[in-house]
Amino acid sequence: METRAAKKRRLLMEQENKHNEKIKDRLSDLPDDVLHHTLSFLPIKSAARTSTLSKRWRKLWDSCPILDFSKACRLTGLRFGKKPATVGEVYDRHSKVVNGISKVLSGRHENSNIEVFEYAGYMNPSWLLDWVPCLVKHRVEKLGLDVWLVHSLDLPCSLFECNSLRSLTLEATRSEHCLLINNPDTRFWLPSSCARAASGLRSLSLTGVDFAGNVLFSDPSSFPSLEKLTVDHCRRISRLKICCANLKCIEVCSMDVKSLDISGMKLEKLTVKLCFNGCGKGSSVKILAPNLRTFCWNDNDFAEKCLIQSFPQLMEGEISSCVLPANVSEVKAQSAANLLSSLSQVGSLCLSYRILEILSKIYLEFDGLPYAFMNLKTLQIYTDLRKADIPGIACIFRSSPAVRNLTITITAGRDIHSPPAGWENQAQSLSSFLCHLKVVNIVVWTNTIHESVINVVRFLLQHGRALQKFVISSWHSKVHDQLATLFPRASTHLEGSWSYTNFLNT
């Protein structure tokens, strides 16, 4: 039988155990993977401070798989007090951060892999040469470097020989963009020998990086596992050829190239933006991608030669051009027609601005396009509804007999007050287009309505016999008042509903 004293001791022990359970560090009992995931949400400095909590947390920090130093030392807004930072002050500040990074890498546990390593800031070539062996040793998977260059930097081939590397992002902020030093001869060089060494690389993004444009990606055996490639602002490249066998997504931006040659049997998405600006004689574009699903040609001039095979699997296409000369030559018009012909199987198409002028030239001089967009169901147009745009819009309407959804965004970019163009004489030639059209969205970004806008709205309402929905969106109430009068007279056949959307109230 339990005595009174024994019972008292037992009750005291139970109370003490309950109290210990309440103050117990339950966070430290979590698995390493969970705590590593938690640390990844903290700023890198805060994550590093957790190493002082206990031996367990020190071990967690020394094996943390996410090392993001991209915000530890910013490239912009370098000021100390009210005065701009000097070169020496910037160098000292970045050197402290780099020394800390070197200690973190050298102090890691032997078998701790690095999933993500990112750095943004000033880069001395010797620093990167010190880091690369540690990154390779700990099997880095994703590497991102956004560096400010003062000296030329050649990437070591040993980095690309790392079998664990899956994603590489290299971005060089050249010194001529900084106020501190002006040295335009600096370069961030990618050696051509890395193409076959990077056997496991799947994603590669190059910004401001120099490389041999006709060598690095021109061999189908180059980068055998690469699926996504971005090339942006890479200079000293006049001819760019890309034909890596397994590429699925390519983005080429702000490249002053004269020749672009892209091919890939597995390529699904291709974006070309801000290229061929002011291209002259001998410029050419060649694209072979039979399985392409998405194609974007944004703000480019048209090369003299456009050799593009049809994209039979294309689902989305976009063509915009605002860098064409005032008078479009016959060569440019033919090049644009060849580009459009490759999109003839597209299901959703977006056209804007100056490309409409080329379509107008084709419509007036060649009586339209020699092919039809038979699979096109969704059409989006950006226009000022200038007189020069109207034949181009009619041209695309005439070549798109199966469109169901039409969106026209009207802006006041250049010449919205040009004389209105008549649409009534287009009704018969556009009958196939009009009889299938079901949904129309008119987006008006002007505070006044010109007669050309009223004409196109009235025309679609009167002749769109299959219309089920007509939506007009605007940011000005005056637009609503002016266009509202069209519906009672012209929409007696309209099934479903029409509506206005005021952007100021949404």
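Residues numbered from 1 in each chain as written. Predicted model: local features only at pLDDT ≥ 70, side-chain atom pairs only at ≥ 80, totals over all residues. Heavy atoms only, no water.

A. Local environment of helix α9 (residues 330-341). Along its 12 residues, α9 runs 16 Å from first to last C-alpha, staying within 8% of the 16 Å computed at 1.5 Å per residue. Those residues of α9 lying buried are Lys 332, Ala 333, Ser 335, Ala 336, Ala 337, Leu 339 and Leu 340. (Helix = DSSP H or I, 4+ residues; strand = E, 2+ residues; numbered from the N terminus. Expected span 1.5 Å × (residues − 1). Buried < 20%, exposed > 50% of the residue type's maximum accessible area, 1.4 Å probe, protein only.)

B. Inspection of the packing of α9 against helix α10 (residues 354-366) at higher detail. In contact at an axis separation of 10 Å, α9 and α10 are set at 100° when each is read in the N-to-C sense. Between α9 and α10, the interaxial angle falls into the category roughly perpendicular. Contacts from Glu 330, Ala 333, Ala 336, Ala 337 and Leu 340 in α9 reach Ile 355, Ile 358, Leu 359, Lys 361, Ile 362 and Phe 366 in α10. Looking at the contact of α9 with α10, its residues break down into nine nonpolar, no polar and two charged. (Axes fitted to C-alpha atoms, helices over the stretch in contact; angles between N-to-C directions. Parallel < 35°, antiparallel > 145°, perpendicular 65-115°, else oblique. Contact = heavy atoms within 4.5 Å. Nonpolar A, V, L, I, M, F, W, Y, C, P; charged D, E, K, R; others polar.)

C. Inspection of the packing of aromatic side chains at higher detail. Tallied over the full model, the rule gives 13 aromatic pairs. Relative to Trp 127, the ring of Tyr 122 has its centre 5.4 Å away and its plane inclined at 85°; by these criteria the two rings are edge-to-face. Each of the two residues, Tyr 122 as well as Trp 127, counts as buried. Residues Phe 211 and Phe 217 carry aromatic rings whose centres are separated by 5.5 Å and whose planes lie at 80° to one another, so their mutual orientation is edge-to-face. In this pair, the class of Phe 211 matches that of Phe 217, namely buried. Feature note: the residues Phe 276, Phe 295, Trp 297, Phe 302 and Phe 311 constitute an aromatic cluster, connected by ring pairs. (Phe/Tyr/Trp six-rings, centres within 6.5 Å; stacked < 30°, edge-to-face > 60°.)

D. Expanded view of the packing of helix α2 (residues 32-39) against helix α4 (residues 55-62). At a minimum axis separation of 10 Å, α2 and α4 run at an interaxial angle of 70°. In terms of orientation, α2 lies roughly perpendicular with respect to α4. As for how α2 packs across α4, the hand of that crossing is right-handed. Here α2 contributes Asp 32, Leu 35, His 36 and Leu 39 to the contact with α4, which in turn contributes Arg 56, Trp 57 and Leu 60. Of the residues belonging to the contact of α2 with α4, the class tally is four nonpolar, one polar and two charged. (Left-handed = near helix turned anticlockwise from the far one by under 90°.)

E. Broad picture of the sheet that holds strand β13 (residues 259-263). Strand order in the open sheet formed by four strands is β11-β13-β15-β17, with parallel pairing between adjacent strands. With one partner strand each, in any of the chains shown, β11 (239-242) and β17 (305-308) form the two edges of the open sheet. Taken pair by pair, the neighbouring strands of this sheet meet at an average axis angle of 0°, ignoring direction. (Pairing = 2+ DSSP bridges.)

F. Representation of the pattern of salt bridges within the structure. Scanning the entire structure with this criterion turns up five salt bridges. Residue Lys 137 pairs with Glu 110 through a salt bridge whose shortest N-O separation is 3.3 Å. Separated by 27 residues along the polypeptide, Lys 137 in helix α6 (residues 125-137) and Glu 110 in the loop between α5 (87-106) and β4 (116-122) bring together distant segments of the chain. The exposure class assigned to Lys 137 is partly exposed, which follows from its relative accessible area of 46%. Relative accessible area serves as the criterion here: at 56%, Glu 110 is assigned to the exposed category. Overlapping salt bridges, with partners in common, bring together Glu 357, Arg 386 and Asp 389 in one network. (Salt bridge = Lys/Arg side-chain N within 4 Å of Asp/Glu carboxyl O.)

G. Fine view of the pairing of strand β22 (residues 439-444). The buried fraction of β22 is high, at five of six residues. As paired elements, strand β21 (residues 405-410) and β22 share six bridges and run parallel to each other. If you follow Thr 407 over to β22, its bridge partner there is Asn 441. Two strands pair when backbone bridges link them, and β22 and strand β23 (residues 469-474) are joined in this way by six bridges, in the parallel orientation. Residue pairing in the sheet places Val 444 in a bridge with Ser 474 of β23.

H. Structural context of the confidence of the model for the chain. When pLDDT is averaged along the chain, the result is 81; 80% of the residues meet or exceed 70. In this model residues 413-421 is a low-confidence stretch, pLDDT under 50, and it forms 25 contacts with partners more than four residues away in sequence or in other chains. (pLDDT = per-residue confidence, 0-100.)

I. Layout of the environment of Ile 381. Mapped onto the secondary structure, Ile 381 falls in strand β20 (residues 378-383). On the basis of relative accessibility, which here comes to 0%, the residue Ile 381 falls in the buried class. Spatially, the C-alpha atom of Ile 381 lies 9.9 Å from that of Glu 318, the residues being 63 residues apart in sequence. Beyond its immediate stretch of four places on either side in the chain, Ile 381 contacts Leu 351, Leu 356, Ile 393, Ile 396, Phe 397, Thr 407, Ile 408 and Thr 409.

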